Amino acid sequence: MSDTASDLNEVHEPVVTAADAVLEPVVETPPLPELRMPRSVRDILNEPVTAHMGVAAPLLQSTQTVAESLELIRSRQDIGQVVYFYVVDEERRLLGVVPTRKLLLSGLDTTISSIMSSRLVSIPSTATVLEACEFFTLHKFLAFPVIDADRKVVGAVDVSLYTDELLKIEHRQESDDLFQLIGVHLSEAAQGNARLAFFGRFPWLLCNVLGGMLAALIADAYQDVSTLVLVAPFIALVTALAESVSIQSVSLALQMLHAGPANWDRFLKKLRMELVVGTLLGGACGLTVGLVALLWKGDLLVAVSLALGILGGVVASAGIGLAMPFVLKLCRRDPQLASGPIALALSDVVTLLCYFNLGRWLLT
């Protein structure tokens, strides 16, 4: 298509949203049913684009003149914001497109075939909302026709799909991801039925219960270390740092899964990066806490044990947090609900094992 979106934007006119009045027989498209808000961002993006399109009308024919086309347009009562007019043959197969600006500025006796452009981009009716949004990003047009397998025009989508719809998705995604990191669907958290809300949230609390029980068993197994006055005061600090890094990594992994498919190459590349970042974060936090412990307790071994324990716990938690959503996705499980609770429980267990083993080695 030779005309760009910026060129076409010079004229702000009404988009055609009705069926083609010129073609026989006239096929009236029934109004689309009101869409129910999907439960997740993924559901919205995976919806068929046909659920969001409007009708592409009036469709013009290449043998018409500009005068005949304008008369057809003026006769319509249901015209919205005009972006492009699509040209079809007798069987409604797509032939080209006429931008509004060209139609208004051409002579009345000019034929549509002489001003239409046959270089156009169309969206197949089998496309999803996500794929349609990629068309707007790549091609920068204000609207696209939607065609079936026979290249017959079944509708059109305009840029509002890319702006209004994605803005709603962005707001919903931010809220939904926040809840899902702790194992709760936003819709479940907001519903009025207490019994359903309980059963929606309780199973994921069991992950925290199990993680806490495993941590208690580890503390009991390392009683000779965990009860030391030089070790016990820092247990909560060590686990809190590891949990914070773990949930950050889970958030990053979920955002990556929103942006593209999960595969082992992508996962391993990101895992290497996250382990490097985890090493830097663990080293900085461990050094800071170790220096404070050295000034407070005056014991170098305590400072070294703390610094190394934090380093090991943070690095392990970064890897666990990033890996959990990818592994669940690759195993065809929902990563959004399970990743947060499981990653937090595993981070606590791994961090305590690291901290207590270092304490037993250095302090007993």
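Rules behind the numbers
Residues numbered from 1 in each chain as written. Predicted model: local features only at pLDDT ≥ 70, side-chain atom pairs only at ≥ 80, totals over all residues. Heavy atoms only, no water. Helix = DSSP H or I, 4+ residues; strand = E, 2+ residues; numbered from the N terminus. Buried < 20%, exposed > 50% of the residue type's maximum accessible area, 1.4 Å probe, protein only. Areas by Shrake-Rupley, 256 points an atom, 1.4 Å probe, with all protein chains shown as cover. Salt bridge = Lys/Arg side-chain N within 4 Å of Asp/Glu carboxyl O. Polar contact = N/O pair within 3.5 Å; in protein donor to acceptor, adjacent residues only side chain to side chain. Pairing = 2+ DSSP bridges. UniProt positions renumbered as here; feature names shortened; annotations may be inferred. Core = buried A, V, L, I, M, F, W, Y, C linked by side-chain atoms within 4.5 Å. Contact = heavy atoms within 4.5 Å. Expected span 1.5 Å × (residues − 1). Axes fitted to C-alpha atoms, helices over the stretch in contact; angles between N-to-C directions. Phe/Tyr/Trp six-rings, centres within 6.5 Å; stacked < 30°, edge-to-face > 60°. Parallel < 35°, antiparallel > 145°, perpendicular 65-115°, else oblique. Left-handed = near helix turned anticlockwise from the far one by under 90°. Nonpolar A, V, L, I, M, F, W, Y, C, P; charged D, E, K, R; others polar. Bend = angle between axes of the 7 residues up to and from the residue.

### Some words on the overall build of the chain
1) Next: Helix and strand counts for the chain stand at 14 helices and 8 strands.
2) Next: Per-residue burial over the chain gives 44% buried out of 364 residues.
3) Next: As displayed, the chain has an accessible area near 18800 Å², and 62% of this comes from carbon and sulfur atoms.

### Brief notes about the pattern of salt bridges
1) Next: Enumeration over the complete set of coordinates arrives at 3 salt bridges.
2) Next: One salt bridge in this structure joins Asp89 and Arg93, with 3.2 Å as the shortest N-O distance.
3) Next: Of the charged contacts, one joins Arg360 and Asp224 as a salt bridge, the two residues approaching to 2.9 Å between their closest N and O atoms. In this pair, Arg360 is assigned in helix α14 (residues 335–363) and Asp224 in helix α10 (residues 223–226), connecting sequence segments 136 residues apart.

### What about the side chain of Gln64?
1) Next: Along the chain, Gln64 falls in the loop between β2 (60–61) and α3 (66–75).
2) Next: According to the relative accessible area criterion, Gln64 is buried, its value standing at 7%.
3) Next: Side-chain polar atoms of Gln64 contact the backbone nitrogen of Gln61, separated by 3.0 Å.

### Side note on the pairing of strand β4 (residues 84–88)
1) Next: Most of β4 is tucked away: 5 of the 5 residues are buried.
2) Next: The alternating pattern of β4 places Tyr84, Tyr86 and Val88 on one face and Phe85 and Val87 on the opposite face, and all of these are buried.
3) Next: In the sheet, β2 pairs with β4 via 2 bridges, with the strands oriented parallel. The partner of Gln61 across the bridge, within β4, is Val88.

### Regarding the UniProt feature "transmembrane region" (unreviewed entry) in the chain
1) Next: In the UniProt entry, the feature "transmembrane region" (unreviewed entry) is given for residues 202–222, 228–254, 275–296, 302–328 and 340–358.
2) Next: Across residues 228–254, helical content stands at 74% and strand content at 0%; the span's end C-alpha atoms are separated by 39 Å.
3) Next: For residues 302–328, the helix share is 100%, the strand share is 0%, and the end-to-end C-alpha distance is 38 Å.

### Quick notes on the sheet that holds strand β5 (residues 94–99)
Backbone-to-backbone hydrogen bonds join strands into a sheet, with any given pair of strands oriented parallel or antiparallel.
1) Next: One open sheet holds the 3 strands; their spatial order is β2-β4-β5, and the pairing between them is mixed. The sheet terminates laterally at β2 and β5, the two strands that pair on one side only.

### Digging into the nonpolar core
1) Next: Counting residues in each nonpolar core, the largest one holds 26 residues, and the members touching the most others are Val49, Tyr84, Tyr86, Ile123, Phe144, Val153 and Val157.
2) Next: Sequence-distant contacts of Val157, that is, excluding residues within four places in its chain, are made with Val49, His52, Met53, Ile123, Phe136, Ala143, Phe144 and Val146.
3) Next: Phe234, Leu306, Ile310 and Val349 belong to the second largest nonpolar core, which has 19 residues in total.

### Here's the deal with the pairing of strand β8 (residues 153–158)
1) Next: In terms of strand pairing, strand β7 (residues 143–147) meets β8 through 5 bridges, oriented antiparallel. The residue of β8 that forms the bridge with Ile147 is Val153.
2) Next: The turn linking β7 back onto β8 is made up of 5 residues, and Arg151 within it adopts a positive phi angle of 65°.

### Overview of helix α12 (residues 264–297)
1) Next: Taking 1.5 Å per residue, 34 residues should reach 50 Å; α12 reaches 46 Å between its end C-alpha atoms and fits that length.
2) Next: Every buried residue of α12 is accounted for by Phe267, Leu271, Glu274, Gly278, Gly282, Gly286, Val289, Gly290 and Ala293.
3) Next: Looking one or two residues beyond α12, the residue adopting positive phi is Gly298, at roughly 70°.

### Overview of the sheet that holds β8
1) Next: Read across the sheet, 3 strands follow the order β6-β7-β8 without closing on themselves; strand pairing throughout is mixed. Every other strand in the sheet has two partners, leaving β6 (123–124) and β8 as the edge strands with one partner each.
2) Next: Its contacts with the sheet place helix α6 (residues 129–139) against β6, β7 and β8, and it is angled at close to 135° to β7.

### Brief notes about the packing of aromatic side chains
1) Next: This structure, assessed with the given rule, holds 8 aromatic pairs.
2) Next: Judged by centre distance (5.8 Å) and plane angle (75°), the rings of Phe135 and Phe144 are edge-to-face.
3) Next: Overall, the relative accessible area of 0% leaves Phe144 in the buried class.
4) Next: Judged by centre distance (5.8 Å) and plane angle (65°), the rings of Phe141 and Phe144 are edge-to-face.
5) Next: Here Phe141 falls in the buried class, since its relative accessible area comes to 9%.
6) Next: Among the aromatic residues, those joined into a ring-pair cluster are Phe135, Phe141 and Phe144.

### As for the packing of α12 against helix α13 (residues 300–330)
1) Next: In the contact formed by α12 and α13, the axes pass within 7 Å of each other and the chain directions differ by 155°. By the angle between their axes, α12 is roughly antiparallel relative to α13. The handedness of the crossing between α12 and α13 is right-handed.
2) Next: Of the residues belonging to the contact of α12 with α13, the class tally is 23 nonpolar, 7 polar and 2 charged.

### Looking at α13
1) Next: Here α13 spans 45 Å end to end across 31 residues, near enough to the 45 Å set by a 1.5 Å rise per residue.
2) Next: Bending of α13 peaks at approximately 30° at the position of Ala323, with proline Pro325 no more than four residues after it.
3) Next: Among the residues of α13, the N-terminal cap falls to Asp299, whose side-chain oxygen and the backbone nitrogen of Leu301 are separated by 2.9 Å.
4) Next: Phi for Arg332, located one or two positions after α13, is positive at around 60°.

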